[in-house]
Protein chains: 2
Amino acid sequence: MQSFAYYMPTRVISGRNCVPEHGDQLKALGTHALIVTGKSSALNGALDDMISALERNGQNATVFDRITPNPTVASVREGIALLKSAGADFVVAIGGGSPMDAAKAIATLAVQERTDEEIFAGGYAAEALPMAHVPTTAGTGSEVTPYAILTNDAKETKTSITSPAMFPRLAFLDGKYMEHLPVRSTVNTALDAFSHAVEGMLSRNATPLSDALAKESLRIFYPLLQKTAGPLTLDERDTLLYASMLAGMTIAQSGTTAVHGMGYALTYFYGIDHGRANGLLLGGALRLCERKSVPALKEILSACSDTLDGICETMDTLLGAREDIPREHLLVFAHAAMANKNIRKSAYEPTEEEVRAIYLSAFPAP
Amino acid sequence: MQSFAYYMPTRVISGRNCVPEHGDQLKALGTHALIVTGKSSALNGALDDMISALERNGQNATVFDRITPNPTVASVREGIALLKSAGADFVVAIGGGSPMDAAKAIATLAVQERTDEEIFAGGYAAEALPMAHVPTTAGTGSEVTPYAILTNDAKETKTSITSPAMFPRLAFLDGKYMEHLPVRSTVNTALDAFSHAVEGMLSRNATPLSDALAKESLRIFYPLLQKTAGPLTLDERDTLLYASMLAGMTIAQSGTTAVHGMGYALTYFYGIDHGRANGLLLGGALRLCERKSVPALKEILSACSDTLDGICETMDTLLGAREDIPREHLLVFAHAAMANKNIRKSAYEPTEEEVRAIYLSAFPAP
């Protein structure tokens, strides 16, 4: 049997009103929370629920709501400054991947100083302030991973920083925060979750346990994927959130692959939402796996109970009209993507020519 | 979707020679290990591997090898006394469930004093010395649970103590330590692992995630179950160990049920191995589930790809001739079992009459 490691120390609390009902578990994290969020979280009730829970615990809270999609180092530094001036000793993240990843970076850099030049140099010690995360999309799965993806302007891409301490202590999952999530966000984050489960199985670092989690995620998630463009019941929102969490547990073991690595350029240069970027490229990557007879593809199709054509069609419908990106830019992105370590982590080992082909098929010439 | 919590913080390191190759991970646990084990662990190489790894790390070790099956409070106290006199600051467990559970009790009671009367009174704080566990059977799954089952002489049974800190920090899984495990131990611990996966699905506290882990365990484990009475390859040993770990992750969420609760009397009064005791009772419990149309039964059969008759037959063959236990004793056990909280945790809600019937069918009158 292949060797593997498994680590996912986050305590997951899932269920309707779990923040009000189990908010006492926050007490152990500290005396004063920096709540890292974006402005939309004030709309879905999560921020209110969290502030109330902290108040009931006798804990203080300072809100930092200036996180925008694809968090920057500058905003992370703002958050750290606010944390220190407020005297906060733990961090709460509320929102999608951006607040959650920014929170991880804040919680880490607050106790491990790095200059801007050093931030993406790796080698982080396993030290960070304690965190509690409340995802409000379904989702990035960031509430159960040790990765923070930040905008890397020097390299004109997005780059991950990581340490084992970046796993949140607590994750609260409640589908009600997604009840009024706009269709576009619902679809984009669903594509992100789908890509995590699929890429987890296509990673060189896939393990028996990460595969088992990925397959369970796909089994539950895929039937709902096509429904994400329409009205969803609260129960369906809960299920999508749970499955996206399983997909997060998957990549916490396996990491992501070329699709994620390739997607960052689309986000950085064209502002395409992260989940959508993955969705745009996933079909092409799967077709490449078919041509190369990658064994995991069969397991993926089986877990989805669908054919490759069926999966690509589902995604095409969700993606709709493609952005207008000139071929020359796609070729530049393909070249730059080859420097991303995620390329080498892919079981389908794409060459630059194959990476180019994936980009081009994602944006067919008009 | 049903509410649930999930927590399993142990870092699992699995693979051939993982103790020698990844023993550096022990450094973070402390300076001086109390190694808790039974005498057989010196035979399978695990103790040597561990001592060598600790030496390479510059860590000290004191061996406490006086743990016998079904650990007693007295032996736990001996272990604590040795830990304190040696100045040990973390605990390593090597062996089957008994050393692992004794280690958890030692690691906990060393920092949370309890009189003998209080030990089983519950309410443990989440504090314990750090631990690393090396299972040498496949297995109790104790390396990934927060439970320590000790002999409870006052109640003439075995009782669990627990806290979230009883999860080991590290678990090292290497099938080579089981290479020469005698057939009887192999079969008994396999029955234990099987009962964990099955009971986890039959627990009132089953969750979607514990069920997913249980089903994956059964899917992999069941085909090997019948082979445990014969020669096994190292790869099969690895697989059994992995699946028993998954079953441990399952019960860490769900707890066990009436089968475990009923089994303790067979162990306490007749010295029947814990895993065998569960195996003796499991068939009767599953038949009760069939009569009561318990929904989880269908999922269990599906995960095993077998019928109920098939499963019972497999277990009967492994169990062989039954112990000679007088009917009157079984009736006493049935009555006593009703006081065990595991009875009420079972989705199949057995009455005393049904518990009696399970005991009697396990030991048919000659």
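Structure: see above.
This write-up is about the structure you can find in this document.

Cut-off values and rules
- Residues numbered from 1 in each chain as written.
- Chains lettered and ligands numbered in written order.
- Predicted model: local features only at pLDDT ≥ 70, side-chain atom pairs only at ≥ 80, totals over all residues.
- Heavy atoms only, no water.
- Axes fitted to C-alpha atoms, helices over the stretch in contact; angles between N-to-C directions.
- Helix = DSSP H or I, 4+ residues; strand = E, 2+ residues; numbered from the N terminus.
- Parallel < 35°, antiparallel > 145°, perpendicular 65-115°, else oblique.
- Left-handed = near helix turned anticlockwise from the far one by under 90°.
- Contact = heavy atoms within 4.5 Å.
- Pairing = 2+ DSSP bridges.
- Expected span 1.5 Å × (residues − 1).
- Buried < 20%, exposed > 50% of the residue type's maximum accessible area, 1.4 Å probe, protein only.
- Least-squares fit on C-alpha atoms with pLDDT ≥ 70 in both.
- Core = buried A, V, L, I, M, F, W, Y, C linked by side-chain atoms within 4.5 Å.
- Disulfide = S-S within 2.5 Å.
- Right-handed = clockwise from strand over helix to strand, strands pointing away.

Turning our eyes to something else, we now look at the packing of helix 5 (residues 183–201) of chain B against helix 11 (residues 308–319) of chain B. Residue and element names in this part refer to chain B. One way to put it is that helix 5 packs onto helix 11 with a least axis distance of 10 Å and a crossing angle of 150°. Relative to helix 11, the element helix 5 is oriented roughly antiparallel. The interaxial crossing formed by helix 5 with helix 11 has left-handed handedness. Here helix 5 contributes Val 187, Leu 191 and Phe 194 to the contact with helix 11, which in turn contributes Ile 311, Met 315, Leu 318 and Leu 319.

For the rest of this paragraph, the subject is the sheet that holds strand 6 (residues 131–135) of chain B. Strands sit in the order 1(A)-2(B)-9(B)-6(B)-5(B)-3(B)-4(B) across an open sheet of seven strands; the sheet is mixed. Both edges of this open sheet fall to strand 1 (4–6) of chain A together with strand 4 (60–64) of chain B, since each of them pairs with a single strand only. Ignoring strand direction, the axes of neighbouring strands in this sheet form an average angle of 15°. Alignment of strand 2 (residues 11–14) of chain B against strand 9 (residues 170–173) of chain B, held across four bridges, turns out to be parallel. Following the sheet pairing, Val 12 of chain B is matched in strand 9 of chain B by Ala 171 of chain B. Packed onto the sheet, helix 4 (residues 97–109) of chain B meets strand 3 (32–37), strand 4, strand 5 (90–95) and strand 6 of chain B and runs at close to 165° relative to strand 5 of chain B.

For the rest of this paragraph, the subject is helix 11 (residues 308–319) of chain A. Residues and elements named next belong to chain A. Helix length check: helix 11 (12 residues) gives 16 Å between terminal C-alpha atoms against 16 Å at 1.5 Å per residue, within 8%. Where helix 11 is buried, its residues meet helix 5 (183–201), helix 6 (208–225), helix 9 (274–291) and helix 10 (295–304). Downstream of helix 11 by a residue or two, Gly 320 has a phi angle that is positive, lying close to 65°.

A few words on the side chain of Ser 254 of chain B. Residue and element names in this part refer to chain B. Here Ser 254 lies in helix 7 (residues 234–254). Note on Ser 254: relative accessible area 2%, which makes it buried. Excluding residues that lie within four positions of it along the chain, Ser 254 makes contacts with Gly 200, Ser 203, Asn 205, Ala 206 and Ser 210.

As a further point, take the environment of Leu 282 of chain A. Residue and element names in this part refer to chain A. Within the element layout of this structure, Leu 282 appears in helix 9. The buried category is assigned to Leu 282, whose relative accessible area is 1%. If sequence neighbours within four positions are ignored, Leu 282 has contacts with Phe 194, Ser 195, Val 198, Glu 199, Val 259 and Met 315.

Moving on: the relation of the copies chain A and chain B. A rotation about some axis, followed by a shift along it, carries one copy of the chain onto the other. Once turned by 180° and shifted 0.0 Å along the axis, chain A lies on chain B with an RMSD of 0.0 Å. Interpreted geometrically, this transformation is the action of a two-fold axis. Closest approach to the rotation axis among the C-alpha atoms of chain A is made by Pro 9 of chain A, whose C-alpha sits 1.9 Å away.

If you look at the biggest cluster of nonpolar residues, it comprises 197 residues, and the most contacted ones within it are Tyr 6, Phe 194 and Tyr 359 of chain A together with Tyr 6, Phe 194 and Tyr 359 of chain B. Ignoring any residue separated from it by four or fewer positions in sequence, one finds Phe 194 of chain B in contact with Leu 218, Phe 221, Tyr 222, Leu 225, Leu 282, Cys 304, Ile 311 and Met 315 of chain B.

This part is about the state of the cysteines. By the definition in use, this model includes zero disulfides over all chains. Looking at the unpaired Cys 312 of chain A, the closest cysteine sulfur is the one in Cys 289 of chain A, lying at 11 Å. For Cys 312 of chain A, a relative accessible area of 9% gives the class buried. Between Cys 304 of chain B, a free cysteine, and Cys 312 of chain B, which holds the nearest cysteine sulfur, the sulfur-to-sulfur gap is 11 Å.

Okay, the pairing of strand 5 of chain B next. Residue and element names in this part refer to chain B. Summarising burial for strand 5: six of the six residues are buried, a large majority. Taking every second residue as pointing to the same face, both faces of strand 5 are buried, with Phe 90, Val 92 and Ile 94 on one and Val 91, Ala 93 and Gly 95 on the other. Bridging between strand 3 and strand 5 involves five bridges; their strand directions are parallel. By the bridge assignment, Thr 37 is partnered in strand 5 with Ile 94. Sheet analysis places strand 5 next to strand 6, joined by five bridges and oriented parallel. Residue Val 92 lies in a different strand from strand 6, and its bridge partner there is Ala 132. Regarding the hand of the β-α-β motif, the stretch spanning strand 5, helix 4 and strand 6 is right-handed.

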